[in-house]
Amino acid sequence: MVEQLGLDPDEELLKEALRAKERNALTERDSREVKVSVRDLSIQYGKKTALSGASFDIYEHEIFGIIGPANSGKTSFLRVLNRMDEFTTGMKFGGDVTFGGKDIRSWRNLYSLRRRI
């Protein structure tokens, strides 16, 4: 069949192997625990918005990178995640951020939170 369509059999096998690997990766990701969940995160400094409407999950054992241009909210997100927003004048955030299923605002021992993140 592959030859009848004019396709290279090796190329077709490679494509099918890549599709299978992608399906397996999706299944594996679904079975892992969500460690950090961010829903509709918005960060402001006074009237200036640093980040707006961010939503994503970070899974256990996942390598997660934060990239973007200057002043795009990368450091502000990390401050929220580590509860450093409380030490930054004029900074406030809205939305939901959970770590291990627990809202980060409910953590009382900040050293414990930071050690786990």
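The residue numbering used here restarts from 1 in each chain and proceeds along that chain's sequence as written. In keeping with the predicted nature of the model, local features appear solely for residues at pLDDT of at least 70, side-chain atom pairs appear and are counted solely at 80 or more, and the whole-chain, interface and lining totals rest on all residues. Hydrogens and water molecules were not included; the side-chain quantities draw on all heavy atoms of the structure.

J.: Hey, could you run me through the layout of surface pockets in this one?
T.: Summary: where empty space remains is shown by rolling a probe the size of a single water molecule over the atoms. Site definitions follow a grid-based scheme: protein atoms alone, a 1 Å grid, a 1.4 Å probe that fits but cannot get out for cavities, and for pockets an open set with protein on both sides within 12 Å along at least five of seven lines, plus lining residues having an atom within 4 Å of a point. Grid points are joined across faces, edges and corners, and a volume is the space filled by probe spheres set on the points. The space that makes up the largest pocket amounts to roughly 230 Å³. Along the wall of the largest pocket there are 15 residues; nearest its centre are Val36, Ile58, Phe64, Leu81 and Ile117. If you list the elements that add at least two residues to the lining of the largest pocket, you get strand E1 (34-45), strand E2 (48-59) and helix H2 (74-81). Under the scheme used here, helices are H or I runs from DSSP no shorter than 4 residues and strands are E runs no shorter than 2 residues, and both carry numbers assigned from the N terminus. Counting residues per element, the lining of the largest pocket draws most heavily on H2, at 3 residues. Nonpolar residues are Ala, Val, Leu, Ile, Met, Phe, Trp, Tyr, Cys and Pro. Charged residues are Asp, Glu, Lys and Arg, and all others, Gly as well, are polar. Among the residues forming the lining of the largest pocket, the class breakdown is 10 nonpolar, 1 polar and 4 charged. Among the elements of the structure, E2 and H2 are those that each provide at least two residues to the lining of the second largest pocket. By residue number, the principal contributor to the lining of the second largest pocket is H2, which donates 4 residues. Split by residue class, the lining of the second largest pocket holds 3 nonpolar, 6 polar and 3 charged.

J.: How do you make sense of the pattern of salt bridges when you look at a structure like this?
T.: Close approach of charged atoms lets side chains of opposite charge pair. Basic side-chain nitrogens of Lys or Arg form a salt bridge, by our definition, when they fall within 4 Å of a carboxyl oxygen of Asp or Glu. Summed over all chains, the structure comprises 3 salt bridges. Here Asp57 makes a salt bridge to Arg39, at a shortest N to O gap of 2.7 Å. With Asp57 in strand E2 and Arg39 in strand E1, the pair connects residues that are 18 residues apart, well separated along the chain.

J.: Sorry if this is basic, but what is going on with the side chain of Arg83 here?
T.: Tracing the chain through its elements places Arg83 in the loop between H2 and strand E3 (91-99). Judged by relative accessible area, which is 7%, Arg83 ranks as buried. Should any heavy atoms of two residues lie within 4.5 Å, those residues are counted as being in contact. Those residues in contact with Arg83, other than ones at most four positions away along the chain, are Ile104, Arg105, Trp107, Leu110, Leu113 and Arg114. Between buried and exposed lies partly exposed: a residue is buried under 20% and exposed over 50% of the maximum accessible area for its type, with that area taken using a 1.4 Å probe on protein chains only.

J.: Is there a simple way to explain the sheet that holds strand E4 (residues 102-103) in this structure?
T.: Within a sheet, neighbouring strands are paired by backbone hydrogen bonds and run either parallel or antiparallel to one another. If you trace the 4 strands from one edge of the open sheet to the other, you get E2-E1-E3-E4, paired in antiparallel fashion. The sheet is open, and its two edges are formed by E2 and E4, each paired on a single side. When E1 meets E3, the two strands line up antiparallel, connected through 8 bridges. Looking at the pairing, Val36 lines up with Phe99 of E3. Note on definitions: angles span 0 to 180 degrees between N-to-C directions of axes, and those axes are lines fitted to C-alpha atoms, for helices only across the stretch in contact. Along the sheet face, H2 touches E1, E2 and E3 and points at about 120° away from the line of E1. If DSSP finds at least two bridges between two strands, the strands pair.

J.: Can you help me understand unusual backbone geometry in this one?
T.: A positive phi angle, near 50°, is found at Asp40, a position not held by glycine. Non-glycine residue His61 carries a positive phi angle of around 65°. Tracing the chain through its elements places His61 in the loop between E2 and H2.

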